[in-house]
Amino acid sequence: MVNKTVQVVAATALRQFAFFDAHPVKDVHDLANPPEIFKNASEISTVASSSAGLLVADIHGSIHTLNKEFVSTTSWVAHVGGRVMHMAERNGVLVTIGEESAVRGSLLKIWDLGKTDKRNQAPVLLKSSKVQPNNKPHPVSCFALSSALSFLAIGLADGTVLLYRHLDQSLSSTTSLTALPKTRIIHESSPEPITGLGFRELPSPTNADAKDNNLHLFIVTTNTVHLYHVSGKGSGGSSVLLDDIGCGLGCAVMDWRAEKIVLARDEAVYAYGLHGREPPYAYEGYKSSIHTHLNYVIVVSPPTTATTTSSATRKLAAQGAGGDGDASRVTVFDMENKVVGYTGVFAEGIREVISEWGNIYILTNNGQLTRLAEKSTSAKLSMLYAKALYPLALSLAQTQHLDESYVADIHRQHGDHLYTKGDWDGAMTCYLKTIGWVKPSYVVRKFLDAQRIHNLVTYLQELHALGLANADHTTLLLNTYTKLKDVARLDSFIKTESRRSGAAESNGDLPFDLDTAIRVCRQAGYFDHASYLAKRYKRHEEYLRVMIEDAGKYGEALTYLRHLGAVAAESNLARYGRAMLDNLPEETTQLLIDLCTISGPLIIPEAEDTTPQQSSAPANAPSYLSYLALSRAPAPEDKVEESNPDKEEDLTEPQTTQPSAPTPSKEKRPSPTLYFAHFVDHPSYFVRFLESVAARRWGQSLSSLPSSLLDTSLDKDEDQEKYNQAAVWNTLLELYLDGGSPEQQEKALKVLTSDTLPCDKTHALILCSSYSYTRGLVVLWEKLGMYEDTLRFWMDKHNASPSESSASTEVVQALVRYGPTHPHLYELVLRFLTSTPELLTRHQADVEKILEHIEKERIIPPLGVVQILSRNGVASVGLVKDWLMGRIKEAREEVQTDQQLINSYQLETNAKLKQVAELEDPMHAKVFSVTRCSQCSGQLDLPSVHFMCNHSYHQRCLLDHETECPLCVRQHGIIQEIRRNNERMADQHELFLADVQDNGFKVVAGGFGKGVLNMTRLDDVAV
């Protein structure tokens, strides 16, 4: 047994405040007096709150339902000839315990407030039963009803506790009025009466602190407190003793959450939970009753604080208060916040304390009703602010479930209070709790002084940890670290925040502004920290910028690039390729080769290269700069990718620069033209890069044919690939020509003569002309069909050096190769060979062959040949005497033949004209002397038909209505069709002009001959 001696010193002291205002309540019809229902307050036996209104029972057995104006809306006699001692309502069901004149002992009745009996307009009586566990009736001292109406506990004055199980089920049954569940005696403490009962309800879903899901019953006697397990696992046993101190009747009540029972004793106020007594609250003096209102506990006691509780002392104190011996004090406790919210003395004595409609109502013995209205939360907080009770204000705000913004404002005011007192650390502790509600600038400005810089660092770190920092905050924090040279805290911030952001990073959120952090570390010279952050969050571009531009660690940057993969390496090499080539040309060239030729992860190159490196002296001003894509677009920003938090590593040691290896997958290879500009100062490595890319990517080289085994499936853009191939070989050709060595010129010639390498011929022609590469020019002219340019090139070369015979010989040889397919070259060569006496003497035989070929193929008319030879005095008549005589003879014979044809045509034309004239002369008679039919060749007889064309027919040999000669009409039809076709051709000017462009004068002459150009239309003739 626990010692009954109470240690009041250990009790919690309570502060007093005026959180309630007292207002008298008047009758709605008589404002000078209290409500009429309370006129005879001494007859009121009990009062209870309900969902239907305030329930008031009197000693006559009646119950009244009051509204907010305290006007009775419903009244009925619940216990005839007796009184109502106890009542409680749950879910519209009212349970009353009272006495009746006709019944010995206490009577239990259950009413349905939602239904009305039509006979007496009273609520429907559901059940009625006597409360008598044995033959000896004892008065009911208290009772408790569970919130779900499942259990009903009744305490008797002899220390017995009765329990009704499954009460709600019995109410829904159709059994008799007196049928109730069988009672069970769960506790006996004779001769100690039961002074308090209360169900410890099941925890609500929002109460996360409640871990016990069973229903328990608190049992209070005058000397003990017990706990009985009502339902759930392990229920049904005997009650468990929690404490060996009890309380008087009416001094035990359940708290507002129905989780603890509160006892009022003379020395203090106690609270009991499932695990026993909790720390008491110091409040000495006699207590007559205890009640609850929301989170408040209301204690009614005499107005004295003396430890003596005799009746004489209480009466003396009451008279000092101006009343009779029944004077009482009302004290309202907030047990959660450990404050007294109201204290008042009522000289008339207190009859009832009512909690209804959000207010506390005090009913005195003389019928006066006083309403205690709670002040607003803001008013209560202002009272606490005035006394600088900020912790209590926080507790009050949490109890009232205020918004977080109000709580943050309390922390801010608390921080301001501590700041004015010079407690920087305490103020910062408060300000840290305002993050997210108070602007960071409000706090930052207060701690910018050098003496408070460490507190500022703490605030900024927490701001970053919560993900609420912006770039300015990151800059300020890192600048603070760097200015203080506090490398340890800088390391801690970077590493700790990186690990703390594990969950947030998966959503793309970072604990600080990454770009700002890297920038500040770079500016302050903390390159290891900047590279750590860039590597940690896979900001590849930033990492390479630090390693290359700041730290100068090109080897580590190159290794890092290899492990990035093709996509990331492509964009970063486009930016840093030139710097890498300037410092590590061999390794960077190999990396670029692998990047442009490998689909997938970039493997570490082997010691031996597949393509031999070409050595070439750099040119002073290589012209291929004009071809390179110098105006490249900037590389895209790398996104922050997900990564696991790194383990502890020392930023002062050399870092491992290999990022996590990407999953092997085939990717589209980048265009090699992207990296041309980087090789401006490295022509030899440029040659190696281009040759290797062409060989490994497309299987193209100077010594082998294109390979069909290479995988080009990834390069789906065929047009782009063709462009890349042409760009590579065009640039290679320029580099070969720029080198100037015989070996490289031979390579250039192989490129030009190859029919498989995709070299742009026009571009190559410009290059060969710029570098005066004769062999290449000739090859290109031949491939492009520019044979006249080839001849003129050798002619110009001969004119530059007339003494050399090789140039003129090349002209004659070129004519032999190209002349048969291009006859116009003969005239050009003939002019050249007859331009100087030396050439004519050297190539006289060639000239004679040219003339014979011209005559044979009819390339140039004789007159044209004479004009060519006679333009200067180089060629003599004797050179072409025989050739001219032959041409003149042939011309004479042709003229004679043409003259004969002309004469025959003239005779025929004259005869036709004469015939036409005879036919048109009306005075000239036509004699028909034909004796046979032109159709059947029979002897012509009558009737016969004669035509003006001298054809005659039997009439029977002609068709009906035939008006034209059958023999002549076919001949004239052919001629007319030819004329119609010529008329149609005369309107198609596009075809005529196209023929003129192809054949010239011949087509024009033919047009005149056919009458196309001067045609008389048949329609016009008909008209």
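Keep in mind it's a predicted model, so treat the numbers as computed, not measured.

Engineer: Just checking my understanding: could you explain the overall build of the protein for this structure?
Structural biologist: Counting its secondary structure elements, the protein contains 33 helices and 32 strands. Burial analysis of the protein (1023 residues in total) assigns 45% to the buried set. When the accessible surface of the protein is totalled, it reaches about 52700 Å², and 52% of it is carbon and sulfur.

Engineer: Sorry, what's going on with a nonpolar patch on the surface here?
Structural biologist: Side chains of Leu 919, Phe 928 and Met 948 sit close together on the surface and give an oily, nonpolar patch of about 250 Å² of accessible area. By the element assignment, Met 948 lies in the loop between β31 (944-946) and β32 (952-954). Accessibility expressed as a relative area gives 42% for Met 948, which makes it partly exposed.

Engineer: What exactly am I supposed to notice about the environment of His 454 here?
Structural biologist: Looking at the secondary structure, you find His 454 in helix α8 (residues 453-465). For His 454 and Thr 480, which are 26 residues apart along the polypeptide, the C-alpha to C-alpha distance reads 9.0 Å. When neighbours within four sequence positions are excluded, His 454 is seen to be in contact with Leu 484 and Arg 489.

Engineer: Got a minute to help me understand the side chain of Arg 545 in this structure?
Structural biologist: Mapped onto the elements, Arg 545 comes out in helix α14 (residues 540-550). Not counting residues within four places of it along the chain, the set of residues in contact with Arg 545 comprises Arg 522, Asp 550, Arg 575 and Tyr 576.

Engineer: So what exactly am I meant to see when it comes to the pattern of salt bridges here?
Structural biologist: Pairing between side chains becomes possible if they bear opposite charge and their charged atoms approach one another. Within this structure, the stated rule accounts for 25 salt bridges. Residue Asp 243 pairs with Arg 277 through a salt bridge whose shortest N-O separation is 3.1 Å. Taken together, the residues Asp 243 in strand β18 (residues 240-243) and Arg 277 in strand β22 (residues 276-277) connect sequence positions 34 residues apart. Note on Asp 243: relative accessible area 3%, which makes it buried. Sharing partners across several salt bridges, the network here consists of Glu 541, Glu 542, Arg 545 and Arg 575.

Engineer: Is there a simple way to explain the environment of Thr 429 in this structure?
Structural biologist: Considering the arrangement of structural elements, one finds Thr 429 in helix α6 (residues 424-432). You can call Thr 429 partly exposed: its relative accessible area is 43%. Between the C-alpha atoms of Thr 429 and Tyr 459, which are 30 residues apart in sequence, the distance is 8.8 Å.

Engineer: Could you clarify how one ought to interpret the nonpolar core in this entry?
Structural biologist: Where a protein is soluble and globular, its nonpolar side chains tend to be buried together. Counting 125 residues, the largest nonpolar core has Tyr 459, Phe 689 and Leu 733 as its most contacted members. Residues in contact with Phe 689, not counting those within four places in the same chain, are Thr 589, Leu 592, Ile 593, Cys 596, Pro 672, Phe 676 and Phe 679.

Engineer: Sorry if this is basic, but what is going on with the sheet that holds strand β29 (residues 359-364) here?
Structural biologist: Ordered by their spatial adjacency, four strands build an open sheet running β2-β30-β29-β28, and the pairing between neighbours is antiparallel. A strand with exactly one partner marks an edge of an open sheet, and here the two such strands are β2 (20-25) and β28 (350-356). Pairwise comparison of adjacent strand axes, ignoring direction, gives a mean angle of 25 degrees for this sheet.

Engineer: Can you walk me through the confidence of the model for the protein in this structure?
Structural biologist: Low pLDDT marks stretches whose predicted atomic positions should not be read closely. Confidence in the prediction of the protein, expressed as mean pLDDT, is 79, and 84% of residues score 70 or more. Across residues 1-10, confidence stays below pLDDT 50; counting only partners more than four residues off in sequence or on other chains, it has 11 contacts. Predicted confidence is poor over residues 705-709, with pLDDT under 50, and the contacts of this stretch with residues over four places away or in other chains come to seven contacts.

Engineer: Is there a simple way to think about the packing of helix α23 (residues 787-800) against helix α24 (residues 806-818) in this case?
Structural biologist: In a pair of packed helices, the angle between the axes and the distance between the axes together describe the arrangement. At their nearest, the axes of α23 and α24 sit 8 Å apart, and the two run at 165 degrees to each other. Taken together, the axes of α23 and α24 lie roughly antiparallel to each other. Where α23 crosses over α24, the two elements pack in a sense that is left-handed. Every residue of α24 that contacts α23 at Tyr 787, Thr 790, Leu 791, Trp 794, Met 795, Lys 797 and His 798 is listed here: Ala 807, Ser 808, Glu 810, Val 811, Ala 814, Leu 815 and Tyr 818. Here the residues of the contact of α23 with α24 are counted per class, giving nine nonpolar, three polar and two charged.

Engineer: It is not clear to me how the pairing of strand β20 (residues 261-264) should be interpreted in this structure. Could you clarify?
Structural biologist: Two faces belong to every sheet, and in a regular strand the side chains alternate between them. Alternating residues of β20 divide into Ile 261 and Leu 263 and Val 262 and Ala 264, and every residue in both groups is buried. One ladder, built from three bridges, connects strand β19 (residues 252-254) with β20; its direction is antiparallel. Following the sheet pairing, Val 253 is matched in β20 by Val 262. Where β19 folds back onto β20 in an antiparallel hairpin, the turn is made up of six residues, including Ala 258, whose phi is positive at roughly 55 degrees.

Engineer: What am I meant to see in the environment of Glu 570 here?
Structural biologist: Looking at the secondary structure, you find Glu 570 in helix α16 (residues 566-583). In this structure the C-alpha to C-alpha distance between Glu 570 and Tyr 675, which are 105 residues apart in sequence, comes to 9.3 Å.

Engineer: Where do I start with the pairing of β29 in this structure?
Structural biologist: Counting buried residues in β29 gives six out of six residues, a clear majority hidden from the surface. Side-chain alternation along β29 places Asn 359, Tyr 361 and Leu 363 on one buried face and Ile 360, Ile 362 and Thr 364 on a second face that is also buried. As judged from the six bridges shared by β28 and β29, these two strands associate in the antiparallel manner. Pairing of Ser 355 across the sheet is with Ile 360, part of β29. The hairpin turn running from β28 into β29, its antiparallel successor, is two residues long, and Trp 357 in that turn takes a positive phi close to 55 degrees.

Engineer: Help me understand the packing of aromatic side chains in this model?
Structural biologist: Any aromatic ring pair is given by two values, namely how distant the centres are and how the planes are angled relative to each other. Applying the stated criterion across every chain yields a total of 19 aromatic pairs. Taking 6.5 Å as the distance between ring centres and 35 degrees as the angle between the ring planes, the aromatic pair formed by Phe 151 and Phe 199 counts as tilted. Here the residue Phe 151 occupies a position in strand β12 (residues 151-156), and Phe 199 occupies one in strand β15 (residues 194-200), the gap between them amounting to 48 residues. Overall, Phe 151 belongs to the buried group, its relative accessible area being 8%. Note on Phe 676 and Phe 686: the rings are 5.3 Å apart at their centroids and 65 degrees apart in plane angle, and the pair reads as edge-to-face. Highlighted residues: Phe 676 in the loop between α17 (585-597) and α18 (683-698) and Phe 686 in helix α18, separated in sequence by 10 residues.

Engineer: Any chance you could explain unusual backbone geometry here in plain terms?
Structural biologist: Note: most peptide bonds trans; most residues except glycine with negative phi. A cis amide bond links Ser 190 to the next residue, Pro 191, at an omega of 10 degrees. The topology assignment puts Pro 191 in the loop between β14 (184-188) and β15. Note the cis peptide between Leu 942 and Pro 943, where omega equals -5 degrees. In this model, Phe 70 sits at a positive phi of 60 degrees, which is unusual for a non-glycine residue. Topologically, Phe 70 is positioned in the loop between β5 (62-66) and β6 (72-77). One non-glycine residue, Lys 538, lies in the positive phi region at around 55 degrees. Topologically, Lys 538 is positioned in the loop between α13 (527-536) and α14. Since its relative accessible area comes to 15%, Lys 538 is described here as buried.

Reading the values: rules and limits
- Note on numbering: residues in each chain are counted from 1, in written sequence order.
- In view of the model being predicted, local features appear only for residues whose pLDDT reaches at least 70, and side-chain atom pairs are presented and counted only at 80 or more, with totals across whole chains, interfaces and linings using the full set of residues.
- Side-chain metrics in this entry use all non-hydrogen atoms of the structure; hydrogen atoms and water are not considered.
- The helix and strand labels rest on DSSP assignments: H or I over at least four residues marks a helix, E over at least two residues marks a strand, and numbering proceeds from the N terminus.
- In this scheme, a residue with accessible area under 20% of its type's maximum is buried, one over 50% is exposed, and one in between is partly exposed, where area comes from a 1.4 Å probe on protein chains only.
- Here the open area of atoms and residues is found with the Shrake-Rupley method and a 1.4 Å probe, where only the protein chains shown may cover a residue.
- Each patch is assembled from residues with relative accessible area greater than 30% and no salt bridge, linking like charges that lie within 9 Å and nonpolar side chains (Val, Leu, Ile, Met, Phe, Trp, Tyr) that lie within 5 Å.
- The salt bridge criterion pairs a side-chain nitrogen of Lys or Arg with a carboxyl oxygen of Asp or Glu, the two atoms within 4 Å.
- Any two residues whose heavy atoms approach within 4.5 Å at even a single point are treated as in contact.
- By convention a nonpolar core is built from buried Ala, Val, Leu, Ile, Met, Phe, Trp, Tyr and Cys residues, the set being connected through side-chain atoms within 4.5 Å.
- Pairing between two strands is assigned when DSSP locates at least 2 bridges connecting them.
- The axes used here are C-alpha line fits, helices contributing only the stretch in contact, and every angle between their N-to-C directions lies in the interval 0 to 180 degrees.
- Per residue, pLDDT measures the predictor's confidence, with a range of 0 to 100.
- An angle counts as roughly parallel when it lies under 35 degrees, as roughly antiparallel when it exceeds 145, as roughly perpendicular when it falls between 65 and 115, and as oblique in every other case.
- Put simply, a crossing is left-handed when the front helix is turned counterclockwise from the back one by less than a right angle, and right-handed when it is turned clockwise.
- Charged means Asp, Glu, Lys or Arg here, nonpolar means Ala, Val, Leu, Ile, Met, Phe, Trp, Tyr, Cys or Pro, and polar covers whatever is left, Gly included.
- Here the aromatic set is Phe, Tyr and Trp, taking the six-membered ring for Trp, and pairing holds for ring centres within 6.5 Å; pairs whose planes are under 30 degrees apart are stacked, those over 60 apart are edge-to-face, and all others are tilted.

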